[in-house]
Amino acid sequence: MNTDVKIPLAERIRPSSLDEYVGQEHLVGKGSVLRNMIESGNLSSFILWGPPGVGKTTLANIISKQLDRSFYTLSAVSSGVKDVREVISKAKDKNLFNSKTPILFIDEIHRFNKGQQDALLGAVEDGTIILIGATTENPSFEVISPLLSRCQVFVLKELSVEDLDVLLTRALEKDPYLSSRNITVAEKEALMRYSGGDARKLLNVLEIVVSSIPEGEPVVITNDLVKNRLQENMALYDKNGEQHYDIISAFIKSLRGSDPNAAVYWLARMIKGGEDPLFIARRMVILAAEDIGLANPNALLLAQSTFAAVQQIGMPEGRIPLSECAIYLASSPKSNSSIMAIDVALSMVEQQGDLSVPLHLRNAPTKLMKELGYHQGYKYAHDYEGNFADLEFLPEEASGTKLYEPSNNKAEEEIRRRLKILWEKYNY
């Protein structure tokens, strides 16, 4: 444990073994898949996917120490293809003298572009390195398929209040500086609320609060003290991107709330703060489908084009299509009918299980299927007036269930009018 108070508290009390590691029992608890892999020494490449501050970097460090392997680390924010190749070259040299394959840990691997990820592929494939990647983004979208297919993906969860309480107690008892202060935790609610399941955030808040009380004076931590000290030290609190999720939340809510001025302001905050522009563009793609949807289907097309444009031209020019898209989405009419429909449908499937597909909707490629009545009674819509045939398309048990309800906007009022003519049973 590090005793230098100039080093952040989260680093000073970072655990060095699996037994000290807090949380993620589904991965590192007794008998779990990752723990078994570590204890057997039969390690393969994998990606740790989860929110900030849940122990991704810590877990990678523990694995390297426990298995006594050479450990290289790169940050996708500051490393390029050259850095990747240099590490791979060092790993190859190590392999000549050591039977244990070195580990390469890449933080924020979702920020690596295709070229950088391609540079890793050969070394992972031939066993020169074991790759451990850490990401806050869905690796299905951010990691190239050839690399992803060679890695297991382990999902880390937000830390529970119980986990955070363990970390809080450990920090107060084990950290040499904190244990030397006269600290009483009278209330914990604000500490837990501001941490949001993030261990690093919890420890940063604790350090800010304690450092605000002069040496020699007792520290009584209350909800009001935490709130007041954070407001006074907000600039300090934000230095490491702690408001990442708060600002993206404000941006999305401004788009949803149809305020282009606020949307552009929060966009500028993210750009100035060094946020990944593709992260911003991706969130706008989601919003275009979720919150605008059928009220203006062109919104999704523009959001997808914006993502592609930013990917192609990069920054700072990428700020222009990002701004254009944000203003368009904020100014567009809104509808969440599509997400409401699919969520109701998913709930229905979960409750009712796998209902049988009606026979007339099934394909009949074989004689036996035809004899069983597959496809019998199906009506080809284009053979009928208006390209519509009155037919049952839901399972018998779900007949007449209305899942899609058009929202009150010009585009969907036209959809409602048409569906009302076609489908009397759905009561549009």
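Residues numbered from 1 in each chain as written. Predicted model: local features only at pLDDT ≥ 70, side-chain atom pairs only at ≥ 80, totals over all residues. Heavy atoms only, no water.

A. Broad picture of the overall build of the chain. A count of helices and strands for the chain gives 22 helices and seven strands. Seen along its three principal axes, the alpha-carbon backbone of the chain occupies a region of about 85 × 55 × 45 Å. In the chain, which comprises 428 residues, the share counted as buried stands at 42%. A total of about 23,000 Å² of accessible surface is found on the chain, and carbon and sulfur atoms cover 52% of it. If you average the places of the 47 positive and of the 56 negative side-chain charges in the chain, the two averages end up 3 Å apart. (Helix = DSSP H or I, 4+ residues; strand = E, 2+ residues; numbered from the N terminus. Buried < 20%, exposed > 50% of the residue type's maximum accessible area, 1.4 Å probe, protein only. Areas by Shrake-Rupley, 256 points an atom, 1.4 Å probe, with all protein chains shown as cover. Lys, Arg positive; Asp, Glu negative; His and termini not counted. Charge placed at Lys NZ, Arg CZ, Asp CG, Glu CD.)

B. Spotlight on helix α18 (residues 298–313). Its 16 residues place the ends of α18 22 Å apart at the C-alpha level, agreeing with the 22 Å of an ideal helix rising 1.5 Å per residue. Inspection of α18 places A299, A303, T306 and V310 among the buried residues, and these make up the whole buried set. Down the axis of α18, the buried set is contained in an arc of 55°. They therefore lie on one face. Among the exposed residues of α18, those oriented more than 90 degrees off its buried face are L301, Q311 and Q312. G314 sits one or two residues past α18 and shows a positive phi near 70°. (Expected span 1.5 Å × (residues − 1). Arc of directions from axis to C-beta.)

C. Up close: the packing of aromatic side chains. Evaluated as defined, the whole model comprises seven aromatic pairs. Considering the side-chain rings of F393 and W423, the 6.3 Å spacing of their centres and the 80° angle between planes classify their relative orientation as edge-to-face. Of this pair, F393 sits in the loop between α21 (367–371) and α22 (410–422) while W423 sits in the segment after α22, and the two are 30 residues apart along the sequence. You can call W423 buried: its relative accessible area is 13%. Judged by centre distance (5.6 Å) and plane angle (65°), the rings of W423 and Y426 are edge-to-face. For Y426, a relative accessible area of 15% puts it in the buried group. (Phe/Tyr/Trp six-rings, centres within 6.5 Å; stacked < 30°, edge-to-face > 60°.)

D. Geometry of the packing of helix α9 (residues 161–174) against helix α12 (residues 199–211). Where α9 contacts α12, the two axes come as close as 10 Å, and the packing angle between them is 40°. Between α9 and α12, the interaxial angle falls into the category oblique. In the crossing of α9 with α12, the sense of the turn from one axis to the other is right-handed. The residues of α12 that touch α9, namely those facing L164, L167, L168, A171 and L172, are A199, L202, L203 and L206. Classifying every residue of the contact of α9 with α12 gives nine nonpolar, no polar and no charged. (Axes fitted to C-alpha atoms, helices over the stretch in contact; angles between N-to-C directions. Parallel < 35°, antiparallel > 145°, perpendicular 65-115°, else oblique. Left-handed = near helix turned anticlockwise from the far one by under 90°. Contact = heavy atoms within 4.5 Å. Nonpolar A, V, L, I, M, F, W, Y, C, P; charged D, E, K, R; others polar.)

E. Geometry of the nonpolar core. Ranked by internal contacts, the top residues of the largest apolar core, which has 52 residues, are L34, F46, I63 and L206. Sorting elements by how many residues they give to this core places α12 first, with eight residues. With sequence-adjacent residues up to four places away left out, L206 is seen in contact with L9, L168, A171, L172, L178, L191 and I221. (Core = buried A, V, L, I, M, F, W, Y, C linked by side-chain atoms within 4.5 Å.)

F. Main features of the pattern of salt bridges. Within the structure shown, the criterion is met by 13 salt bridges. Here R12 ties to E207 by a salt bridge, and the two come within 3.0 Å at their closest N and O atoms. Of the two residues, R12 is situated in helix α1 (residues 9–12) and E207 in helix α12; the sequence distance between them amounts to 195 residues. The class for R12 is buried, based on a relative accessible area of 2%. Shared partners join several salt bridges into a network, and the residues in it are R12, D175 and E207. (Salt bridge = Lys/Arg side-chain N within 4 Å of Asp/Glu carboxyl O.)

G. A look at the pairing of strand β3 (residues 103–107). Burial analysis of β3 places four of its five residues in the buried class, which makes it a mostly covered element. Sheet topology note: the strand β2 (residues 71–75)/β3 ladder contains five bridges and is parallel. Within the sheet, the bridge partner assigned to T73 lies in β3 and is F105. In the sheet, β3 pairs with strand β4 (residues 130–135) via five bridges, with the strands oriented parallel. When the sheet's bridge partners are listed, I103 is paired in β4 with I130. (Pairing = 2+ DSSP bridges.)

H. Molecular detail of a nonpolar patch on the surface. There is a patch of nonpolar side chains on the surface, built from Y378, Y380 and F393 and spanning about 310 Å² of accessible area. With respect to the helices and strands, the residue Y378 is situated in the loop between α21 and α22. The class of Y378 is partly exposed, set by a relative accessible area of 34%. (Patch = residues over 30% accessible without salt bridge, like charges linked within 9 Å, V, L, I, M, F, W, Y side chains within 5 Å.)

I. Fine view of the environment of I103. The residue I103 is located in strand β3 in this model. Sequence spacing of I103 and I132 is 29 residues, and the spatial spacing of their C-alpha atoms is 7.1 Å. If we skip the residues at most four places from it in the chain, I103 touches L43, I63, S64, R69, S70, F71, Y72, I130 and I132.

J. Just the confidence of the model for the chain, in detail. On average, residues of the chain score 85 in pLDDT, and 94% of them are at 70 or above. Per-element confidence in the chain ranges from a low mean pLDDT of 44 for helix α14 (residues 234–237) to a high of 95 for helix α19 (residues 319–331). In this model residues 235–242 is a low-confidence stretch, pLDDT under 50, and it forms ten contacts with partners more than four residues away in sequence or in other chains. (pLDDT = per-residue confidence, 0-100.)

K. The arrangement of the environment of N387 in detail. As for its position among the elements, N387 is in the loop between α21 and α22. A relative accessible area of 46% means that N387 is categorised as partly exposed. Apart from the residues lying within four places of it in its own chain, the contact partners of N387 are A381 and H382.

L. Looking closely at helix α4 (residues 56–66). Turning to α4, its buried residues number three or more, namely K56, T58, L59, A60, I62, I63 and S64. Residues of α4 that are buried in the fold lie against α2 (25–28), α3 (33–40), β1 (46–49), β2, β3 and β4. Just downstream of α4, D68 is the residue with a positive phi angle, here 55°.

M. Spotlight on the side chain of R416. Here R416 shows up in helix α22. A distance of 2.8 Å separates polar atoms of two side chains, one belonging to R416 and the other to E405. Non-local contacts of R416, meaning those with residues more than four positions away in its chain, are made with E405, P406 and Y428. (Polar contact = N/O pair within 3.5 Å; in protein donor to acceptor, adjacent residues only side chain to side chain.)

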